[in-house]
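# Structural overview for review
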Amino acid sequence: MDKKCSICGGNLTEFGNKDIKNGVVCRYCVKKASPWLSDEDYLRRDVKAFKKHLEYREKNQQIVDSFEPERTIEGKYSLYLDRDHGEFVISKRKDYKKDNADVLKYKDLKELTIFEEKDETGNYNLLMDIQLKNKEIDNVCFRVNEFPGLERESKEYKAALDKAYEYLNGFNEEDGIYFVEV
Ligand SMILES: [Zn+2]
């Protein structure tokens, strides 16, 4: 096994590395990447493409540093909207600048979907899925309910559904976006 990171050449640790198409990325380089990348997104990228992704992330830091939302919809993940500049941020933590949260563009929005997922105990989670026409991040998917595993008839489930619609309505005035409901 290759014991060095294919990106920075640093030593790999026991946990937190990720496989890419033709190499391995260390946990420190993983930390620099977008949190929205799935394992499949890593495997789709080769060393060159992953280096390009990290270059995009460095540029994103400058963009997020000057990002100022005009509207915030708070939740487990908060949605920060800057309609004037056509940009938005979705972040789990308030300090999205420090986290270098990806600044996404309204014009890249392709499809927004709210869906539920049944867990192994028969309870439900509500998820929001955002498809984007963006080479570096083409999919953002996150759980809307704060705590996992809700009963469908509970008020927490109802609250999560309301929150999901609040996110959707945040984008509502945009043209040409295809909404899919539960
Ligand atoms: Zn590395």
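Only a predicted model underlies this, so the values are computations on that prediction, with no experimental measurement involved.

Turning our eyes to something else, we now look at the overall build of the chain. Broken down by element type, the chain carries 4 helices and 10 strands. At 18 Å, the chain has a C-alpha radius of gyration in line with the 16 Å of a compact globule built from 182 residues. On the principal axes, the C-alpha backbone points of the chain span a range of 50 × 45 × 30 Å. For the chain, the residues scored as buried account for 21% of the 182 residues in total. In the chain, the proportion of contacts linking residues at least 24 apart, taken out of those at least 6 apart, comes to 42%.

Between its first and last C-alpha atoms helix H4 (residues 155–170) spans 22 Å; for 16 residues at 1.5 Å apiece the expected length is 22 Å, and the two agree. Of the residues making up H4, those classed as buried are Ala160, Lys163, Ala164 and Tyr167. For H4, the angular spread of the buried residues around the axis is 100 degrees, confining them to a single face. Those residues of H4 that are exposed and aimed more than 90 degrees away from the buried face are Lys155, Lys158, Asp162 and Asn169. Considering only its buried residues, H4 is in contact with strand S3 (71–73), strand S4 (78–82), strand S7 (109–118) and strand S8 (124–132).

Another aspect to go through is the pairing of strand S5 (residues 87–91). Burial runs high along S5: 4 of the 5 residues are buried. Bridge count for S4 against S5 is 5 bridges, and the pairing is antiparallel. Counterpart to Leu79 in the pairing with S5 is Ile90. Here S4 folds back onto S5 in antiparallel fashion, the turn holding 4 residues, of which Gly86 has a positive phi close to 65 degrees. Where S5 lies against strand S6 (residues 104–105), 2 bridges are found, and the strand directions are antiparallel. Across the sheet, Glu87 pairs through a bridge with Lys105, a residue of S6.

On to the nonpolar core. Judged by nonpolar contacts, the single largest core of 19 residues is most densely connected at Phe88, Val89, Met128 and Ala164. Mapped by element, the contributors of at least two residues to this core are S4, S5, S7, S8 and H4. Beyond its immediate chain neighbours, meaning those up to four positions away, Phe88 contacts Leu79, Tyr80, Leu81, Asp82, Leu104 and Tyr106. Cys5, Ile20, Val25 and Cys26 belong to the second largest nonpolar core, which has 8 residues in total.

Okay, the domain arrangement of the chain next. When the parts of a complex come together, some accessible area is lost, and that lost area is often used as the size of the interface. Per the domain assignment, the segments making up the chain are domain 1 (18–64) and domain 2 (70–180). Between domain 1 and domain 2, the C-alpha centre-to-centre distance is 22 Å. Facing the 9 residues of domain 1 at the interface are 10 residues of domain 2.

Before going further, it helps to spend a moment on the sheet that holds S6. Two pairing modes exist for strands in a sheet, parallel and antiparallel, and in both the strands are linked by backbone hydrogen bonds. An order of S3-S4-S5-S6 is seen for the 4 strands of this open sheet, with the pairing classed as antiparallel. At either end of the open sheet lies a strand with only one pairing partner, and these are S3 and S6.

In this section: the environment of Phe50. Looking at the secondary structure, you find Phe50 in helix H3 (residues 47–65). Look at Phe50 and you get buried, because 25 C-beta atoms sit within 10 Å. As a C-alpha pair, Phe50 and Asn11 span 39 residues in sequence and 18 Å in three-dimensional space. Residues within four places of Phe50 in sequence aside, it is in contact with Ile7, Ile20, Val25 and Arg45.

Parameters at a glance
- Residues numbered from 1 in each chain as written.
- Predicted model: local features only at pLDDT ≥ 70, side-chain atom pairs only at ≥ 80, totals over all residues.
- Helix = DSSP H or I, 4+ residues; strand = E, 2+ residues; numbered from the N terminus.
- Rg over C-alpha atoms; globule rule 2.2 N^0.38 Å.
- Buried ≥ 20, exposed ≤ 12 C-beta atoms within 10 Å, placed from the backbone.
- Contact = placed C-beta atoms within 7 Å.
- Expected span 1.5 Å × (residues − 1).
- Arc of directions from axis to C-beta.
- Pairing = 2+ DSSP bridges.
- Core = buried A, V, L, I, M, F, W, Y, C linked by C-beta atoms within 7 Å.
- Domains from an automatic or database assignment.

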